[in-house]
Amino acid sequence: MGEAASTKFNDLYRTSSQYRLWSFSPEGLTALRRKTHELAIARASQYATKSNSYDGRGGAAVDCLTAEECLRLVQRYLDQVRTTSDHFKWPVPVKATAVQYLARFYLSNSPLTYPPKEIYKTVLFLACKTEATHMTLSEYARRISTPADEVLAPEYKVMQALRFTLDVRQPYRGLKGVLMELLNLAEGMVGEVEGVETGGAKALQAEMLALEMPPKTAQTMWRVKEAGKLESKDLTDRINAAYSAARTILDGPALLTDAYFLFTPSQILLAALHLADEPLTSFYLRTKLPLDSDLRPKVLTTIAACAELLASFSGSQILSKDERAALEQKLEGCRDLSTRDLVGSHAVAKRGGDGGEEAEEKARKKKAAREKHLKEGDDLFGPSLNGKG
Amino acid sequence: MSRIAPPKVMPVYKRDPRTGVVQSQDDVCPVCKSARYMNPSLRFLVNPECYHKMCESCVDRMFSHGPAACPIKGCGRTLRKHRFREQTFEDIKVEREVDIRKKVGATFNRREEDFETLLAYNDYLNDVEDITFNLINGIDLEETNKKFEAYTRAHGKEIEENAQMAVQERQSFSAAQKLERQQARERREAARREEEEEKREVEENRRDVLNRLASGADAETVAKEGQRVQLKKRMDRQAATERQRQLQAAEDAHSECNNKFVIKGLKTKQKPAPEALVDPFGGLRLVDSYFTLQDDYIWEGIQEARKDVKQTAGGYDVRDYAHRSLVAAFSGLGVFVADEITQRDQLAQKDGVVGEDVGLKDAEMIHAP
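Under an unreviewed UniProt entry, the name given to chain B is RNA polymerase II transcription factor B subunit 3, and the organism recorded is Friedmanniomyces endolithicus. Chain B has a UniProt comment under Subcellular location (unreviewed entry) that states "Nucleus".

Chain A goes by Cyclin C-terminal domain-containing protein in an unreviewed UniProt entry, where it is assigned to Friedmanniomyces endolithicus.

As structure tokens, this is what we get:
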């Protein structure tokens, strides 16, 4: 019963769009990015040659951004989104969702075509709408000193790139659940899981108290004060410290790496906890996974792999301000020119299509006719009678 | 000069006290033209062959020597004397229709129990009515008669069985009614006898009291005793009748159907089995894996909300939050993305069919300008 039921339980995640559309194997992910980049380069060079023939610029092949540089630029802007969301003091789901939207956008589009500088504000606005912390457009635009048009213009492109799937499964709520369970375990209340042999609540509590100290590499702030026996209050402190450390990890490396594409939120949060306080996490997993199940080793290796990915990230990898400026300068020279005027193309699309010239003419004529009518209305004898005017 | 319409002569209607037939004074036999004026006991008879009416004397005269042709001009059907009868309905058309219906009903006498569904029974009734209608109005007579014959031939045995069942039912019904009437009579008798008994006893008692008083006993004691005796007798009698009634009821319970008054044709209605409750999930149940929800979590984040009236008044249970958090914590724990996605991609490549959610396809979605 255990295996079948847990399969059904895991199917809950398998039905989500995050699993179906936005989960990849590492090789798949790199292949996708490479393909996107190649296509973008092909486009950009196409336009470059066209513009060269117009401008008469140097016929040498334009120096394009490499895939590596594109990736780092995108990462820089992922961080920028995080900072901006904190500036607005929005709850953490908004931040995480926005970052993930941007990351997903740049799986199928390249910075060569859509520089992230023009996209990230739109993405953040979209995320605030999706995660129910809506702020009016005018307010938003004012607070980040950008014209409202610029915020809205790329929105449809973003939606298309997201394939209209706006749900991002987050690990934060799950982490709170784990915290609740750990605190209960420390107090001697346990919810027994079927198939797992434990000694009962008291035994577990004793085991918790006897856990070894977190290793030096652990990210938790908790350190044992005096070399004495632990009390339950110390245990609570330990758990809370582990939680906040894990939370910090989820806030930073988890968002800025490819963790969301390669692992499920459940695995991500357990990996973060693993990094924070390894003995505690191992103990916890021992109470969750039956020792004889064949999923257990696999789950543990997956969590370890995710923890490795999260640990390998460091804040110094993000571009600094100068590096970013330099890259953007380079980008200017080689970007796809057809997508330069996003606001304009958005306005055209809204008005309903090509033939912008004629439509403008008509609009102008109508406006003139209306003004004339208004003016005549103010005449002493009213407007003319024959219907025209 | 204006023409005044001549006054209409209203025929005088009278009801024959014996037969109840409405007669008017200018009833005239179409054959011999004799009127009631001449012959006050004029009676008209009708033959179901052609529904032409004629007076009794004409019938006697013409058909006593065997079958003869109908004397009405234009109708030459051979009529027999024994088929002539009194008309039951004022309207001859109604008479004809009733006869046809009787005939059809004698043949098509299936019951509702013989059919599996109500729809089938209604269809059968509909067909029977079609046939009847055709016969009455003379539409497609040949075809209808053929159908009739066919049915009679095919189901002759069943028709007979049904007819016999009907006869038996009628008999048992009348027998049951008779029994019921008899019982009512007996009960009336018993009641009357009781009353008489009571009266007699009262009389006796009074006489007794008087005698005793006369023989010089104490008036009060005699009176009291007299009353006591009377009361006792009454109680005894009541107890006796009660016992009698109970016995009767017990007997009745044993000998059921024959004594009870049955309404003919009632089917025993079986209570329909109670409808099973509709399960909105169709039997699908989601069982928590990797955790079991506990009643209370001591984490201070939810402790306040648990007690806060503003949260709980609407029926919100903090355990929903806990459950949701735990589901989010563990759902997907056993999903190994790398393996499953590679497997899916390989399958897709093998099939050659690109499913709607193969990751690589998204790379093609480099937008149009």
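Undergrad: Provide a residue-level description of the overall build of chain A, including the pertinent values.
TA: Helix and strand content of chain A: 20 helices and zero strands. Counting only residues that meet the buried cut, chain A has 48% of its 389 residues in that class. Total accessible area on chain A stands at roughly 19300 Å², and carbon and sulfur atoms take up 55% of it.

Undergrad: Please set out the pattern of salt bridges residue by residue, giving values where relevant.
TA: Side chains bearing opposite charge may pair, as long as their charged atoms lie close to each other. Taken as a whole and assessed by the stated rule, the structure comprises 42 salt bridges over all chains. Here E139 of chain A ties to R142 of chain A by a salt bridge, and the two come within 3.4 Å at their closest N and O atoms. Here E139 of chain A and its partner R142 of chain A are both found in helix α7 (residues 137-143), three residues apart, which amounts to about one turn of the helix. For E139 of chain A, a relative accessible area of 29% translates into the label partly exposed. A salt bridge links R245 of chain B to E242 of chain B; the shortest N-O distance between them is 2.9 Å. One end of the pair, R245 of chain B, and the other, E242 of chain B, are both in helix α6 (residues 219-254), three residues apart, so they sit about a helical turn from each other.

Undergrad: Describe the interface of chain A and chain B, listing the residues and the values that go with them.
TA: In this assembly, 62 residues from chain A lie in contact with 49 residues from chain B. Interface area, chain A with chain B, both sides summed: about 5200 Å², of which 64% is carbon and sulfur. Per-residue buried area on chain A facing chain B is highest for F9, R173 and M180 of chain A; these three make up 15% of the total on that side. Here E340 of chain B and R14 of chain A are joined by a salt bridge, their closest N and O atoms 3.0 Å apart. If you list the elements that add at least two residues to the side of chain A that touches chain B, you get α1 (2-14), α2 (17-21), α3 (26-55), α9 (155-161), α10 (172-186), α14 (259-262), α15 (265-276) and α17 (295-311) of chain A. By residue number, the principal contributor to the side of chain A that touches chain B is α10 of chain A, which donates 10 residues. Of the residues contributing to the side of chain A that touches chain B, the split by class is 30 nonpolar, 17 polar and 15 charged.

Undergrad: How would you sum up unusual backbone geometry? Please name residues and give values.
TA: Residues and elements named next belong to chain B. Positive phi values are uncommon outside glycine, yet K33 reaches one of about 60 degrees. Tracing the backbone shows K33 in the loop between β2 (22-24) and β3 (44-46). In this structure, D140 is a non-glycine residue whose phi angle is positive, near 50 degrees.

Undergrad: Could you give an account of the packing of α10 of chain A against helix α16 (residues 278-286) of chain A, naming the residues involved and the relevant values?
TA: All names here are of chain A. Their axes nearest at 12 Å, the elements α10 and α16 cross at an angle of 85 degrees. Between α10 and α16, the interaxial angle falls into the category roughly perpendicular. Contact residues: α10 offers V178, E181, L182 and L185, while α16 offers L280, F283 and Y284. Residue composition of the contact of α10 with α16, by class: six nonpolar, no polar and one charged.

Undergrad: Explain the sheet that holds β3 of chain B to me, and be specific about the residues and the numbers.
TA: Residue and element names in this part refer to chain B. Ordered in space as β4-β3-β7, the three strands form an open sheet in which the pairing is antiparallel. Looking at the sheet topology across the chains shown, the edges are occupied by β4 (53-55) and β7 (85-86). One ladder, built from three bridges, connects β3 with β4; its direction is antiparallel. Within the sheet, the bridge partner assigned to V46 lies in β4 and is K53.

Undergrad: Pulling in residues and values, what's your account of the nonpolar core?
TA: Residues L102, Y140, M208 and L310 of chain A together with F330 of chain B are the most contacted members of the largest nonpolar core, which totals 114 residues. Per-element accounting of this core gives the leading share, 11 residues, to helix α5 (residues 92-108) of chain A. When near neighbours in sequence (up to four residues on either side) are disregarded, F330 of chain B contacts F9, N10, E181, S266, Y284 and K288 of chain A together with S289, Y290 and F291 of chain B. By size, the runner-up hydrophobic cluster in this structure holds 14 residues, among which are C55, V59, F63 and C75 of chain B.

Undergrad: Just give me the short version of helix α9 (residues 318-330) of chain B, but keep the residues and values in it.
TA: Residue and element names in this part refer to chain B. Taking 1.5 Å of rise per residue, 13 residues should cover 18 Å, and α9 covers 19 Å from first to last C-alpha, within 8% of that figure. Considered for burial, the residues of α9 that qualify are V318, A322, S325, L326, V327, A329 and F330. With its phi angle positive at about 105 degrees, G332 sits one or two positions after the end of α9.

Undergrad: I'd like a description of the environment of F105 of chain A, backed by residues and values.
TA: All names here are of chain A. Summarising the element assignment, F105 is placed in helix α5. The exposure class assigned to F105 is buried, which follows from its relative accessible area of 0%. In this structure, the C-alpha to C-alpha distance between F105 and V123, residues 18 residues apart in sequence, is 9.2 Å. Not counting chain neighbours up to four residues away, the residues in contact with F105 comprise Y114, I119, K157, V158 and A161.

Undergrad: An account of the packing of aromatic side chains is requested, with residue identities and associated values reported.
TA: Counted under the stated rule, the structure contains 20 aromatic pairs over all chains. Here Y77 of chain A and Y120 of chain A contribute two aromatic rings whose centre-to-centre distance is 5.4 Å and whose plane-to-plane angle is 40 degrees, an arrangement assigned as tilted. Of this pair, Y77 of chain A sits in helix α4 (residues 67-88) while Y120 of chain A is found in helix α6 (residues 116-130), placing the two residues 43 residues apart along the sequence. Residues F105 of chain A and Y106 of chain A carry aromatic rings whose centres are separated by 5.0 Å and whose planes lie at 90 degrees to one another, so their mutual orientation is edge-to-face. Both residues of the pair, F105 of chain A and Y106 of chain A, count as buried. Across from the ring centre of F44 of chain B, 4.5 Å away, lies the NZ or CZ of K53 of chain B, which sits over that ring. Seen from the ring of F148 of chain B, K103 of chain B lies directly overhead, with NZ or CZ sitting 5.6 Å from the centre.

Undergrad: So what's going on with the environment of Y140 of chain A? Residues and values would help.
TA: Residue and element names in this part refer to chain A. Among the secondary structure elements, Y140 is positioned in helix α7. In this structure Y140 comes out as buried when scored by relative accessible area, which is 0%. In sequence terms Y140 and V151 are 11 residues apart; their C-alpha atoms lie 9.0 Å from each other. Once you skip the residues sitting within four places of it in the chain, Y140 turns out to touch F88, W90, K121, L124, F125, M135 and V151.

Cut-offs and rules
- Every chain is numbered independently, its residues counted from 1 as its sequence is written.
- For this description, chains carry letters from A and ligands carry numbers from 1, given in the order in which they are written.
- Where local features are concerned, this predicted model is filtered to residues with pLDDT of at least 70; where side-chain atom pairs are given and counted, the filter is 80 or more; whole-chain, interface and lining totals use all residues.
- No hydrogens and no water enter the side-chain calculation; it runs on all heavy atoms of the structure.
- UniProt positions are given in the numbering used here, feature names are shortened, and annotations may be inferred rather than shown by experiment.
- Secondary structure elements follow DSSP: runs of H or I no shorter than four residues count as helices, runs of E no shorter than two count as strands, and numbering proceeds from the N terminus.
- Between buried and exposed lies partly exposed: a residue is buried under 20% and exposed over 50% of the maximum accessible area for its type, with that area taken using a 1.4 Å probe on protein chains only.
- Under the convention used here, a 1.4 Å probe and the Shrake-Rupley method define accessible areas, while residue burial counts only the protein chains that appear.
- A carboxyl oxygen of Asp or Glu within 4 Å of a side-chain nitrogen of Lys or Arg is what we treat as a salt bridge.
- Between two residues, a contact is recorded if the distance between any of their heavy atoms is within 4.5 Å.
- As a working definition, buried area equals the accessible area (1.4 Å probe) given up by two parts on being put together, with both sides summed.
- Residue polarity follows a fixed list, in which Ala, Val, Leu, Ile, Met, Phe, Trp, Tyr, Cys and Pro are nonpolar, Asp, Glu, Lys and Arg are charged, and the others, Gly among them, are polar.
- Whenever a helix is involved, its axis is fitted only over the stretch in contact; in every case the axis is a line through C-alpha atoms, and angles between N-to-C directions fall within 0 to 180 degrees.
- When an angle is under 35 degrees it counts as roughly parallel; over 145 it counts as roughly antiparallel; between 65 and 115 it counts as roughly perpendicular; any other value is oblique.
- Two strands qualify as a pair provided DSSP detects at least 2 bridges between them.
- For our purposes a nonpolar core is just a set of buried Ala, Val, Leu, Ile, Met, Phe, Trp, Tyr and Cys residues, chained together by side-chain atoms within 4.5 Å.
- The span expected for a helix works out to 1.5 Å for each residue beyond the first.
- When two rings of Phe, Tyr or Trp (its six-membered ring) have centres within 6.5 Å they constitute a pair, described as stacked for plane angles under 30 degrees, edge-to-face for angles over 60, and tilted for the intermediate range.
- Throughout this description, the term charge over a ring refers to an Arg CZ or Lys NZ atom that lies within 6 Å of the ring centre and within 35 degrees of the ring normal.

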